[in-house]
Amino acid sequence: VQLQASGGGVVQAGGSLRLSCAASGRTFSNYAMGWFRQAPGKEREFVAAISWTGGSTYYTNSVKGRFTISRDNAENTVYLQMNSLKAEDTAVYYCAASRVLSTRLNQYDYWGQGTQVTVSS
């Protein structure tokens, strides 16, 4: 699976962004999808994940109620809608594909290149 993330940018605190991750190659609908992020000087961390059908989702506590992960299997795309953004959300955001729905980074086999999100306070 090849993954291409997009949609990052600079936004003021309280604003919104929607990230997209377009997949190609193997059958997209066979994979659970996740979003991770990595801030400068920090380890990459889990943000959100969605099952093959979209029926199950997981979120890290710090984004619950603000971020929404969704997918469109017909378009081979997964989204991350980010609302009420905070300065601490600033990071490079990565999408990833896994055979299992997981919050664990090492469960993901395929990774996109990352897109920068900067939230100014």
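Please refer to the structure placed before this passage.
So, a few notes on the structure that sits alongside this text. (Residues numbered from 1 in each chain as written. Predicted model: local features only at pLDDT ≥ 70, side-chain atom pairs only at ≥ 80, totals over all residues. Heavy atoms only, no water.)

### Re the overall build of the protein
Then step 1. When helices and strands are tallied, the protein shows zero helices and eleven strands.
Then step 2. Traced from its N-terminal end to its C-terminal end, the protein shows the element sequence β-β-β-β-β-β-β-β-β-β-β.
Then step 3. Its C-alpha atoms give the protein a radius of gyration of 13 Å, within 12% of the compact-globule value 14 Å for 121 residues.
Then step 4. Dimensions of the protein, computed from C-alpha atoms along their principal axes, come out at roughly 40 × 25 × 25 Å.
Then step 5. Long-range contacts, defined here as pairs at least 24 residues apart, represent 57% of the contacts in the protein between residues at least 6 apart.
Then step 6. Between the mean site of the 11 positive side-chain charges and the mean site of the 7 negative ones, the protein shows a separation of 3 Å. (Helix = DSSP H or I, 4+ residues; strand = E, 2+ residues; numbered from the N terminus. Rg over C-alpha atoms; globule rule 2.2 N^0.38 Å. Contact = heavy atoms within 4.5 Å. Lys, Arg positive; Asp, Glu negative; His and termini not counted. Charge placed at Lys NZ, Arg CZ, Asp CG, Glu CD.)

### Comments concerning the side chain of Thr 115
Then step 1. Along the chain, Thr 115 turns up in strand β11 (residues 115-120).
Then step 2. A polar side-chain atom of Thr 115 sits 3.1 Å from the main-chain amide nitrogen of Gly 8.
Then step 3. The contact partners of Thr 115, leaving out residues within four places of it in the chain, are Ala 5, Ser 6, Gly 7, Gly 8, Leu 19, Ala 91, Val 92 and Tyr 93. (Polar contact = N/O pair within 3.5 Å; in protein donor to acceptor, adjacent residues only side chain to side chain.)

### What about the nonpolar core?
Then step 1. Membership of the largest hydrophobic core comes to 30 residues, with the highest contact counts inside it found for Met 33, Trp 35, Leu 80, Met 82 and Tyr 93.
Then step 2. At the level of elements, β1 (2-6), β3 (17-24), β4 (32-38), β5 (45-50), β7 (67-72), β8 (77-82), β9 (91-98) and β11 are the ones that each hand at least two residues to this core.
Then step 3. When sequence neighbours within four positions are dropped, the list of residues in contact with Leu 80 reads Leu 17, Arg 18, Leu 19, Trp 35, Val 47, Ala 48, Phe 67, Thr 68, Ile 69 and Tyr 93.
Then step 4. In this structure, Phe 36, Phe 46, Ala 96 and Tyr 108 belong to the second largest nonpolar core, which totals five residues. (Core = buried A, V, L, I, M, F, W, Y, C linked by side-chain atoms within 4.5 Å. Buried < 20%, exposed > 50% of the residue type's maximum accessible area, 1.4 Å probe, protein only.)

The analysis is restricted to geometry; functional conclusions fall outside its scope.
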